[in-house]
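Structure assessment
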Amino acid sequence: QVQLVESGGGLVQAGGSLRLSCTASERGYSMAWFRQAPGKEREFVAAISWGGRLTNFADSVKGRFTISRDSDKNTCYLQVNSLKPEDTAKYYCAAVRRTSVSNWDGAYDSWGQGTQVTVSS
C-alpha cells in the first residue's frame, strides 16, 4: 500500500476557500477524496485518475470543488471553494494503483489519516 499524507484543512468562514493536498509515497496511483462528518457515513467527494485525464465529482460539490494533480510531486489537490457549513467534515485521501475515478470507497486500498475542514456560518 502507498502512504498518503493530507494537509491543508482548517477553519474557514462560509463562502471561503481552502486547498487540500494529498502526497503519495509512490507514483502511478489514481486518487480520490472522501469526507465524513460526525454521525454520518463517509461520502465520496471527488476523484482523479492516475494520468489526470479523468475526474469525477459528487453532485453536492460540482461547480465548487476542483481536483487536480502534480505527477512530478505525487500530489493531488482538492480546491474547495464557496464552502458551506455542511461541508464541515474530516476529508480523507484514498488511492488505488489502477485507472479509477470510482465513487465507491471499496475501490481504493490505501487511505490517509484525514484533514479536518470546519466551516463556520
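Just so you know, these numbers come straight off a predicted model, no measurement behind them.

1. Some remarks on the nonpolar core
Ranked by size, the top nonpolar core spans 37 residues in total, and within it Met31, Trp33, Leu78 and Tyr91 carry the most contacts. Among the secondary structure elements, those contributing two or more residues to this core are strand E3 (18-24), strand E4 (30-36), strand E5 (43-48), strand E7 (65-70), strand E8 (75-80), strand E9 (89-96) and strand E11 (115-120).

2. So, unusual backbone geometry
For Asn74, which is not a glycine, the phi torsion comes out positive at approximately 55°. Since its relative accessible area comes to 15%, Asn74 is described here as buried. The phi dihedral of Ser82 is positive, around 50°, even though this residue is not glycine. Take Ser82: it is sitting in the loop between E8 and E9.

3. Overview of the sheet that holds E3
Strands belonging to one sheet form pairs held by backbone hydrogen bonds; the direction of such a pair is parallel or antiparallel. With antiparallel pairing, 4 strands are arranged side by side in an open sheet as E1-E3-E8-E7. At either end of the open sheet lies a strand with only one pairing partner, and these are strand E1 (4-7) and E7. Averaged over all pairs of adjacent strands, the angle between their axes in this sheet comes to 15°, without regard to strand direction. Relative to E8, E3 is paired through 6 bridges, and the arrangement is antiparallel. Bridge pairing links Leu20 to Leu78 in E8.

4. Focus: the pattern of salt bridges
Under the counting rule described, the total for this entry stands at 7 salt bridges. One salt bridge in this structure joins Arg27 and Asp72, with 4.0 Å as the shortest N-O distance. One end of the pair, Arg27, is in the loop between E3 and E4; the other, Asp72, is in the loop between E7 and E8, with 45 residues separating them in the sequence. Accessibility assignment for this pair places Arg27 and Asp72 in one class, exposed. Notably, a salt bridge pairs Arg35 with Glu43, separated by 2.5 Å at the nearest N-O pair. For Glu43, a relative accessible area of 34% translates into the label partly exposed. Because the salt bridges share partners, they merge into one network encompassing Arg35, Glu43, Arg64 and Asp87.

Here is what the cut-offs are and how they apply
- Residues numbered from 1 in each chain as written.
- Predicted model: local features only at pLDDT ≥ 70, side-chain atom pairs only at ≥ 80, totals over all residues.
- Heavy atoms only, no water.
- Core = buried A, V, L, I, M, F, W, Y, C linked by side-chain atoms within 4.5 Å.
- Buried < 20%, exposed > 50% of the residue type's maximum accessible area, 1.4 Å probe, protein only.
- Helix = DSSP H or I, 4+ residues; strand = E, 2+ residues; numbered from the N terminus.
- Pairing = 2+ DSSP bridges.
- Axes fitted to C-alpha atoms, helices over the stretch in contact; angles between N-to-C directions.
- Salt bridge = Lys/Arg side-chain N within 4 Å of Asp/Glu carboxyl O.

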